[in-house]
Amino acid sequence: MTVWTKKGLVFETSRQGVGGWMAHSALTPTPYRIGDDLIRVYAGFRDADGVSRIGYVDVRAADPSRVVRVSAKPVLDIGRGGCFDDNGVILGDVVDAPGGLHMFYVGFQRVAKAKFLAFSGLAISRDGGDRFVRTQETPILDRAPGRSTIGAIHTAVHEAGRWRLWYAVGDDWEQLGGQPFPRYHIRYAETSDLAVIPREDHECLRPRGSEYRIGRPRVYRIDDGYVMYFTRGNTNGEYFPGVAYSNDGLHWERRDEALGLPLSPTGWDSRQICYPALIRQRDRMLMFYNGNDMGVDGFGVAEAPQVQINGDSHAGG
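The present account deals with the structure reproduced in this document.

What counts, and at which threshold
Residues numbered from 1 in each chain as written. Predicted model: local features only at pLDDT ≥ 70, side-chain atom pairs only at ≥ 80, totals over all residues. Heavy atoms only, no water. Helix = DSSP H or I, 4+ residues; strand = E, 2+ residues; numbered from the N terminus. Buried < 20%, exposed > 50% of the residue type's maximum accessible area, 1.4 Å probe, protein only. Pairing = 2+ DSSP bridges. Axes fitted to C-alpha atoms, helices over the stretch in contact; angles between N-to-C directions. Phe/Tyr/Trp six-rings, centres within 6.5 Å; stacked < 30°, edge-to-face > 60°. Lys NZ or Arg CZ within 6 Å of the ring centre and 35° of its normal.

**Notes on unusual backbone geometry**
The phi dihedral of Ser25 is positive, around 70°, even though this residue is not glycine. Assignment of secondary structure puts Ser25 in strand S2 (residues 24–33). The class of Ser25 is buried, set by a relative accessible area of 0%.

**Comments concerning the sheet that holds strand S20 (residues 298–304)**
A sheet is described by the order of its strands in space; here four strands give the open sequence S1-S20-S19-S18, paired in antiparallel fashion. Where the open sheet ends on each side, the last strands, each with one partner, are strand S1 (5–12) and strand S18 (274–281). Going across the sheet, the axis of each strand differs from the next one's by a mean of 25°, ignoring polarity. Across six bridges, S18 lies against strand S19 (residues 284–290) in antiparallel orientation. From the neighbouring strand, Gln281 faces S19, where its bridge partner is Arg284.

**With respect to the packing of aromatic side chains**
For the structure on display, the rule yields 15 aromatic pairs. On the numbers, 6.4 Å between centres and 50° between planes, the contact of Trp166 with Tyr226 is tilted. Taken together, the residues span a long stretch of sequence, with Trp166 in strand S11 (residues 162–176) and Tyr226 in strand S15 (residues 225–234) at a distance of 60 residues. For the pair formed by Trp166 and Tyr226, the shared burial category is buried. Here a set of aromatic residues connected by ring pairs shows up, and it is made of Phe11, Trp21, Phe45, Phe288 and Phe299. Positioned over the ring face of Phe181 is Lys115, at 4.6 Å from the centre of the ring.

And the structure:
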């Protein structure tokens, strides 16, 4: 089991943010190295109405509790009215690949007879990650049989001319306390062209026991295969990460007891921990994650001295 040491709340959005579009929250914090000394953490920041736009917080790589820079405006704003992402965008993954820095994001849309719809878009930066431009105004992972409500890419790997994609799919709702909550699970597909993601995919993980959702898959290479960090929710209201291992990235065995990151006795991550994402920093591994209420306070960081993960920010290294 990996034992993580918590370093606290790195970025408290309501206090350290720029206000307006960045009033609170920092959803799905996703680290990306922009130099030897700096790590850029992209996240979805919410305004007073709860609508999320993607910005960043730059931190010192050697001491990620030190904030260096905060984006003054979104690097990716909400989409045009009527489009799939007109009511919020959050991070999926950020990957350096031919053509620029690729941002896989999840766009939200409000509809009359469901809580929301959430599907994946693609935006590319050619200025090093300060501004991203959509490749199209429609999803790259859209509705299909079995994913009528959610299709959310959270890990993308580009290798040997092909894209390997791990994502959450949803098709139904769980009623809890008279309120609808999305049901979803994790699947995988690959393609040579992101404009043509095949409908034929592979089931990776489904909820078990009292769980009704399992998502935000973050996949990393390890010496003998792959490890996936994900977040799971159950009907008791618990929302907490899990861990799974695989030899091929397709067939997974859950070992949630190996997480090594407990709830804190009090404070911003005392009721929930969710959306962990890792990045290597020399001889240690950093985990950026959200806490209570899906990251309403901001994001924090934990570190481990030795985690056998190859590469830097995602499965492809």
